[in-house]
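# Geometric and topological summary
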Amino acid sequence: MSHNAYITDERIAGGDDGPLADRTVAVKDNISTEGVRTTCGSAMLDEYVPPYDATVVDRLKSAGATITGKTNMDEFGMGTTTETSAFGPTENPAAPGHVPGGSSGGSAAAVASGDADLALGTDTGGSVRCPAAFCGVVGIKPTYGLVSRYGLIAYANSLEQIGPIAPSVEEAAELLEVIAGPDEHDATTRDAAEEGADTDYAAAADGDVEGMQIGIPTELVEGADEDVVETFWDAIDDLEAQGASSHEVDLPSVEHAVEAYYVIAMSEASSNLARFDGVRYGPSPDYEGNWNEEFAGVREAGFGEEVKRRVLLGTYALSAGYHDKYYKKAQDARAWVKQDFDEALAEADVLASPTMPVPPMEMGESLSDPLTMYLADANTTPVNLANLPAISVPAGETDDGLPVGMQFVGPAFGETEIIRAGSALA
Amino acid sequence: MSDSAVEPEDVRHVASLARVDLDDEEVDRFVEQFADILDYFETLDEVPEVDSETDLANVMRDDEVRDSLDQDEALRNAPESEEGFFKGPKVS
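Note on numbering: residues in each chain are counted from 1, in written sequence order. By the order in which they are written, chains take letters starting at A while ligands take numbers starting at 1. It should be noted that, the model being predicted, local features are given only for residues of pLDDT at least 70 and side-chain atom pairs only at 80 or more, the latter also being counted only at that level, while totals for whole chains, interfaces and linings use all residues. To obtain the side-chain values, all non-hydrogen atoms of the structure were used and water was disregarded.

## Description of the pattern of salt bridges
Residue and element names in this part refer to chain A. In what follows, salt bridge is the name for a side-chain nitrogen of Lys or Arg lying within 4 Å of a carboxyl oxygen of Asp or Glu. For the coordinates displayed, the defined rule picks out 21 salt bridges over all chains. Across the salt bridge formed by E174 and R23, the nearest N and O atoms sit 2.8 Å from each other. Residue E174 is located in helix α4 (residues 169-179), and its partner R23 is located in the loop between β1 (6-8) and β2 (24-28); the two are separated by 151 residues in the primary sequence. Whether a residue is buried, partly exposed or exposed follows from its accessible area with a 1.4 Å probe, protein chains only, as a fraction of its type maximum: under 20%, in between, or over 50%, in that order. According to the relative accessible area criterion, E174 is partly exposed, its value standing at 22%. In this description a helix means any DSSP run of H or I spanning at least four residues, a strand means any run of E spanning at least two, and both kinds are numbered starting from the N terminus.

Now the structure itself:
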């Protein structure tokens, strides 16, 4: 617990047998656990105890897993460093003094420190892949619709997926097999098998990249830190030595992915977080003023600064006179990104880039400048906009010994392709 | 509220729409940060109009009575409740 990986350190026993019978799993604290406090890293939900389990928690228990506790996270998933949590920052076990990435930083830290065998995170714009990359572990962001979001406390519904974090690609794939699959409680879930996809994820971790075509989007490599780029090309050389081949691809739309992502995510957040009014849950208002005054007071006290920033900017982007300028253009950019990725993936099995353009930041370094923090999501956000699956695997280290992650992006429901590619490296 | 011309009253107006009170220091910080962030969002102007193929299908189910949370469970996290209702502040 020394890395502050957990908000609530309470074990939840699973069933007696199943594929995860001897495994421990840490669960991000925005995923509902019946009878166990679920805070989203926010003072607003400091005392919130869900009356039901999320579908993924139900599936973990049925698979025999023991849940180790609820992990620390950026407040409501809004951050890239796990420093916006109301419960203090998490430290990176693989890089002391540095952030673990975010927003699922507690989950990645629990796995990296060996405190849990596996973990669940959630990925809205990179929140599984970023902490996996920064902590030197594996993280998968599934295709939109592969994993049920029932019981996940929403930040931006159209973008987010729950995904596994593990020390190896094979273990991440095993956990994905347990949580994936349609759910009548989430109408956006799809049956991957019905989409014609191979769902034998763990078996795909065979490291066999002979003949694999890897597309490399130059836009996602050029802007990265020099040390990161060097590690990235070394990993590509490694894959080519194992029989893969690579070619460069152009994704002009990704230049606009970060701003499109933030406009859409903030807009959805401004609507989703309207439910935190101090009446159904949250800090108790004192009932001296009228509804609007109490509502605004509860939200001033309950939300941290990054959450306020995003709720306000989202409210602005959706407000009369600005909707077409921001929200509608962001939806155009989203469709463009999707088109670009589909075209590139018609000529390649997977696309590869550094997961993060920078190595883990020092703790405290990025909090005062939100825009710089947003720009660190340049390589991960396009994948959420395109609804595609992606994996981050350890690619090596910088000269200073900081972990660098390699991201592989696959076609919709092509999880086996990215798992295969990743397993050749980790 | 763009091209660095974000005024404190703009921030306060949006905050009131979103029902979030801010202290003066937060307003000052947001004035500066929003100018930078909105300038950055301006680059969406360069995005062409894109026709997206909709990939949506209706998901239907029979309209029948099912088990759901009981009233006690649904009210358990409310700061205040009364006779099976959520209790909130007066509306005007």
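## Notes on the layout of surface pockets
Each pocket or cavity is described by its volume, and for the largest pocket that value is around 1100 Å³. Every residue lining the largest pocket is counted, 32 residues in all, and those nearest its centre are A:K338, A:N387, B:T54, B:D55 and B:L56. For the lining of the largest pocket, the leading source of residues is helix α10 (residues 324-346) of chain A, giving seven residues. Just so you know the grouping, Ala, Val, Leu, Ile, Met, Phe, Trp, Tyr, Cys and Pro go in nonpolar, Asp, Glu, Lys and Arg go in charged, and all remaining residues, Gly too, go in polar. Residues that form the lining of the largest pocket fall into these classes: 12 nonpolar, 11 polar and nine charged. Of the grid points, spaced at 1 Å and generated over the protein atoms alone, those admitting a 1.4 Å probe that cannot get out make up cavities, while open sets with protein on both sides within 12 Å along at least five of seven lines make up pockets; any residue with an atom within 4 Å of a point is treated as lining. Grid points are joined across faces, edges and corners, and a volume is the space filled by probe spheres set on the points. Considered as a void within the structure, the second largest pocket measures approximately 320 Å³ in volume.

## What about empty space enclosed by the protein?
All names here are of chain A. Inspection of the entire model under this criterion finds two cavities of 30 Å³ or more. Approximately 90 Å³ is the volume found for the largest cavity. Around the largest cavity, the lining is made up of 15 residues, and of these G79, T80, G125, S127 and D377 lie nearest the centre. Among the residues making up the lining of the largest cavity, the classes are represented as five nonpolar, eight polar and two charged. Space inside the second largest cavity adds up to approximately 30 Å³. Taken together, K28, N30, F76, G77, S103, T122, T124, I153, Y155 and E160 make up the lining of the second largest cavity. Of the residues in the lining of the second largest cavity, the class split is three nonpolar, five polar and two charged.

## Regarding the environment of A:Y316
Checked against the element boundaries, A:Y316 lands in helix α9 (residues 305-318). The spatial distance from the C-alpha of A:Y316 to the C-alpha of A:K70 is 33 Å, given a sequence separation of 246 residues.

## Focus: the pairing of strand β5 (residues 138-141) of chain A
All names here are of chain A. Of the two faces of β5, the one holding V138 and I140 and the one holding G139 and K141 are both buried throughout. Pairing between strands requires that DSSP locate at least two bridges from one strand to the other. Direction of pairing for β5 relative to strand β6 (residues 161-166): antiparallel, over a ladder of two bridges. Each bridged residue has a counterpart across the sheet, and for G139 the counterpart in β6 is I165. Pairing between β5 and strand β10 (residues 390-397): three bridges, direction antiparallel.

## Some remarks on helix α1 (residues 55-62) of chain A
Residue and element names in this part refer to chain A. Restricting attention to buried positions, one finds in α1 the residues T55, V56, V57 and L60. We call two residues in contact whenever any of their non-hydrogen atoms come within 4.5 Å of each other. Those residues of α1 hidden inside the fold are in contact with β2, β3 (66-71), β4 (118-123), β6 and α4. The first or second residue beyond α1 is G64, which carries a positive phi of 90°.

## So, the packing of helix α7 (residues 257-272) of chain A against α10(A)
All names here are of chain A. A fitted line through C-alpha atoms serves as each axis, taken over the contacting stretch for helices, and the angle formed by two N-to-C directions is quoted from 0 to 180°. Viewed as axis vectors pointing N to C, α7 and α10 meet at an angle of 125°, and their least axial separation amounts to 9 Å. When the interaxial angle is binned, α7 and α10 end up oblique. In this structure, α7 meets α10 at a crossing whose hand is left-handed. Judged by residue contacts, A257, A260, V263, I264 and S267 of α7 engage Y326, Y327, A330, Q331, A333, R334 and V337 from α10. Across the contact of α7 with α10, the residue classes break down as nine nonpolar, two polar and one charged. Every angle not falling under 35 degrees, over 145, or within 65 to 115 is termed oblique; those three ranges are roughly parallel, roughly antiparallel and roughly perpendicular. By convention, the crossing between two helices is left-handed when the near helix turns anticlockwise from the far helix through less than a right angle, and right-handed when the turn is clockwise.

## Some details on the interface of chain A and chain B
Contacts between chain A and chain B engage 58 residues on the former and 50 residues on the latter. At the boundary of chain A with chain B, the tally comes to four salt bridges. By the criterion applied in these results, polar contacts are pairs of N or O atoms within 3.5 Å in which, for protein atoms, one can donate a hydrogen and the other can accept it, and in which residues neighboring in sequence qualify only through two side-chain atoms. Here chain A is connected to chain B by 17 residue pairs in polar contact (both at pLDDT 80 or more). Secondary structure elements with two or more residues in the side of chain A that touches chain B: α7, α8 (291-302), α9, α10 and α11 (370-375) of chain A. Residues that form the side of chain A that touches chain B fall into these classes: 31 nonpolar, 11 polar and 16 charged.

## As for a negative patch on the surface
Residue and element names in this part refer to chain A. Exposure above 30% relative accessible area and the lack of any salt bridge qualify a residue for a patch; like charges then connect within 9 Å, and the nonpolar side chains Val, Leu, Ile, Met, Phe, Trp and Tyr within 5 Å. For accessible areas, the Shrake-Rupley method is used with a probe of radius 1.4 Å. Any residue's cover is judged against the shown protein chains and nothing else. Counting rule for charge: Lys and Arg are taken as positive, Asp and Glu as negative, and neither His nor the chain ends is counted. Think of each charge as sitting on NZ of Lys, CZ of Arg, CG of Asp or CD of Glu. A contiguous patch of negative charge on the surface is contributed by D225, E226, E230, D234, D237, D238, E240, D399 and D400. As for its placement among the helices and strands, D400 is situated in the loop between β10 and β11 (403-409). Using a relative accessible area of 67% as the deciding quantity, one classes D400 as exposed.

## Topic: the nonpolar core
The criterion is simple. A nonpolar core is a set of buried Ala, Val, Leu, Ile, Met, Phe, Trp, Tyr and Cys residues joined through side-chain atoms within 4.5 Å. Of all hydrophobic cores here, the largest spans 73 residues; its most connected members are A:F76, A:F276, A:L312, A:F341, A:L351 and B:V11. For this core, the secondary structure elements donating two or more residues are α7, α9, α10, α11 and α12 (381-385) of chain A together with α1 (8-17) and α2 (24-41) of chain B. Tallying contributions element by element places α7(A) first for this core, with 10 residues. Dropping the residues within four chain positions of it, A:F341 is found in contact with A:L251, A:V254, A:L351, A:P382, A:A386, A:L388 and A:V409.

## Section: the UniProt feature "active site" (unreviewed entry) in chain A
Residue and element names in this part refer to chain A. UniProt positions are given in the numbering used here, feature names are shortened, and annotations may be inferred rather than shown by experiment. Under the UniProt annotation, the feature "active site" (unreviewed entry) is placed at K28, S103 and S127. These annotated residues cover 100 residues of sequence, and their C-alpha atoms all fall within 10.9 Å of one another, placing them together at a single site. Of the annotated set, the members that line the largest cavity are S127. By relative accessible area, K28 is classed as buried at 0%. Discounting residues that sit within four places of it in the chain, K28 has contacts with K70, T71, M73, S103, S104, S107, L120, G121, T122 and S127. Relative to the elements of secondary structure, S127 occurs in the loop between β4 and α3 (129-135). Beyond its immediate chain neighbours, meaning those up to four positions away, S127 contacts K28, G77, G79, G102, S103, S104 and T122. Of note is the side chain of S127, whose polar atom sits 2.9 Å from the side chain of S103.

## A closer look at the pairing of β2(A)
Regular strands place their side chains on alternate faces of the sheet. Residues and elements named next belong to chain A. Extensive coverage of β2 is indicated by the burial of five of its five residues. Both faces of β2 are covered, namely the face carrying T24, A26 and K28 and the face carrying V25 and V27. Note: β2 against β3, five bridges, orientation parallel. In the sheet register, T24 faces β3, and the bridge partner there is T66. Think of it like this: strands point away, you trace from the first strand over the helix to the second, and a clockwise trace means the crossover is right-handed. Between the parallel elements β2 and β3, the chain passes through α1 in a crossover that is right-handed. In this sheet, β4 lies alongside β2 in parallel orientation, the contact comprising three bridges. By the bridge assignment for β4, V27 is matched with L120.

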